[in-house]
Amino acid sequence: MQIIDGKAIALEIKMELAQEVKQLLEHGQAVPHLAAVIVGSDGASLTYMESIKRNCKEVGYIASVYQFPANVQEAELLAALDFLNQDDEIDGYIIQLPLPKHISLEKVVEHVDYNKDMDCFHPFNTGKLMLGQDAFFPATPYGTIELIKRAGIEIAGKHCVMVGRSNIVGKPLAMLLARNHPDANATVTVCHSKTANLQEICRQADILLVAIGKPEMITADYVKQGATVIDIGIHRIEDPDSEKGYRICGDVKYDEVAKKCAAITPVPGGVGPMTMSCLLLNVMKACKSTRN
Ligand code: NDP
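Calculation rules
Residues numbered from 1 in each chain as written. Predicted model: local features only at pLDDT ≥ 70, side-chain atom pairs only at ≥ 80, totals over all residues. Heavy atoms only, no water. Helix = DSSP H or I, 4+ residues; strand = E, 2+ residues; numbered from the N terminus. Rg over C-alpha atoms; globule rule 2.2 N^0.38 Å. Buried < 20%, exposed > 50% of the residue type's maximum accessible area, 1.4 Å probe, protein only. 1 Å grid on protein atoms, 1.4 Å probe; cavity = no way out; pocket = protein on both sides within 12 Å on 5 of 7 lines; lining within 4 Å. Points joined across faces, edges and corners; volume = space filled by probe spheres on them. Axes fitted to C-alpha atoms, helices over the stretch in contact; angles between N-to-C directions. Parallel < 35°, antiparallel > 145°, perpendicular 65-115°, else oblique. Contact = heavy atoms within 4.5 Å. Nonpolar A, V, L, I, M, F, W, Y, C, P; charged D, E, K, R; others polar. Near = heavy atom within 4 Å. Polar contact = N/O pair within 3.5 Å; in protein donor to acceptor, adjacent residues only side chain to side chain. Areas by Shrake-Rupley, 256 points an atom, 1.4 Å probe, with all protein chains shown as cover. Pairing = 2+ DSSP bridges. Domains from an automatic or database assignment.

(A) The arrangement of the overall build of the protein chain in detail. What the protein chain contains, in helices and strands, is 10 helices and 11 strands. Taken over the C-alpha trace, the protein chain has a radius of gyration of 19 Å; the compact-globule value for 292 residues is 19 Å, and the two agree within 12%. Taking the principal axes of the C-alpha coordinates as reference, the protein chain spans close to 50 × 40 × 40 Å. Sorting the 292 residues of the protein chain into buried and exposed places 50% on the buried side.

(B) A look at empty space enclosed by the protein. Counted under the stated rule, the structure contains 1 cavity of 30 Å³ or more. Roughly 60 Å³ of volume is contained in the largest cavity. Forming the boundary of the largest cavity are Tyr 93, Ile 95, Leu 97, Leu 105, Val 109, Val 112, Asp 117, Asp 119, Phe 121 and His 122. Elements supplying a minimum of two residues to the lining of the largest cavity: strand E4 (92–95) and helix H4 (105–111).

(C) Quick look at the packing of helix H1 (residues 6–26) against helix H2 (residues 43–59). Following both chains from N to C, one finds H1 and H2 inclined at 55°, their axes separated by 8 Å at the closest point. As judged from the angle between their axes, H1 and H2 are oblique. Along its contact with H1, which presents Lys 14, Leu 17, Ala 18 and Val 21, the element H2 presents Asn 55, Glu 58 and Val 59.

(D) Quick look at the packing of helix H6 (residues 139–150) against helix H10 (residues 271–290). Running from N to C, H6 and H10 point in directions that differ by 105°, and their axes come no closer than 7 Å. On the basis of the axis angle, H6 is roughly perpendicular to H10. Contacts between H6 and H10 pair Ala 139, Thr 140, Tyr 142, Gly 143, Thr 144, Glu 146 and Leu 147 from the former with Val 271, Met 274, Thr 275, Cys 278, Leu 279, Leu 281 and Asn 282 from the latter. Among the residues forming the contact of H6 with H10, the class breakdown is 8 nonpolar, 5 polar and 1 charged.

(E) Just the site of the ligand, in detail. By nearness alone, 23 residues border the ligand, and Arg 165, Ser 166, Ser 193, Lys 214 and Thr 275 come closest of all. A distance of 3.5 Å separates an oxygen atom of the ligand from a polar atom in the side chain of Thr 140. In this structure, a nitrogen atom belonging to the ligand sits 3.0 Å away from a side-chain N or O atom of Lys 214. For the ligand, the accessible surface in isolation is 930 Å², of which the surrounding protein chains cover 70%. Partitioning the shell around the ligand into residue classes produces 9 nonpolar, 10 polar and 4 charged.

(F) Layout of the pairing of strand E7 (residues 207–210). The alternating pattern of E7 places Ile 207 and Leu 209 and Leu 208 and Val 210 on opposite faces, both of which are buried. Across 4 bridges, the pairing between E7 and strand E8 (residues 228–231) is parallel. Directly across from Leu 208, in E8, lies its bridge partner Val 229.

(G) Main features of the layout of surface pockets. In this structure, the largest pocket occupies an estimated 1500 Å³ of space. Of all elements in the fold, only H1, H2, E4, H6 and H10 reach the threshold of two or more residues within the lining of the largest pocket. Within the lining of the largest pocket, the residues separate by chemical class into 25 nonpolar, 14 polar and 7 charged. Of the domains in this structure, domain 1 (28–113) and domain 2 (139–272) are the two that each give at least three residues to the lining of the largest pocket. By volume, the second largest pocket amounts to about 410 Å³. Lining the second largest pocket are 17 residues, with Cys 120, Phe 121, Thr 126, Asn 167 and Ile 168 positioned closest to its centre.

Here it is in structure tokens:
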């Protein structure tokens, strides 16, 4: 049984990017610059911002964080996006979600210059993804595909069952898996909360991908012997037996599912670290296409 080491593969990508940055500097070219917009001071979001800054520094990128109070007016936020859109020294930016209720997510997403849309939330980039054209890919689905590929697991011709159809994970990942592309070419079934016979469908999967946001819901009963299981979920759940009083788990009940699989991603250390590395890949792509 193969435990897919997302941490090692994510590090491999970052080392490749650091090498590319070195080459850009040697040629006197601009290094990638990622900006991040955060509204409010949610602890998890602030931790993510710190992680962005740390990861950018590790590969030699510039990182800028723009933090706004939770009561920022929509117009002020849109004006800040105008500034980011126009600043030639910023290659791309992300907007940390969720936004406060008084701000329209749709308006904000459509205000982003799609050339700088590192989240790939803009309808233009979503459309390009749907058309199978070259685009920025949303970081978590991109990371998932890259993880499977770099772990040496063939996707082409496989039956992939995607459990979850959110706009940021399930839907784009299903599209990426089904693309007519050597890294993809899967036959994809998409499941969601209204799917009948979920267990039965999951048991047909050669590659089962789970992004449902329900801790350890996917048990061994959902998995075919010898399948590959990719767990995108991430949760902190109470655990009185652990020193910290909690533990991190995914949407898959790892211990029992692992016994049935040919390959599985752990949580933490599976898809999670890939999200950051693939965000950095998007920023390199933006930098090369517009500034170098
Ligand atoms: P959402 O809550 O936006 O979507 C969940 C999806 O799962 C929905 O499509 C929902 O169906 C479906 N679902 C919910 N319950 C069931 C069920 N019982 N049976 C079948 N389908 C179900 O979540 P996200 O996509 O944003 O995130 C999913 C998980 O991935 C979370 O644990 C999140 O923390 C994690 N995540 C991890 C990232 C990483 O970097 N590793 C990044 C982003 C997310 P319906 O559409 O019918 O409501």
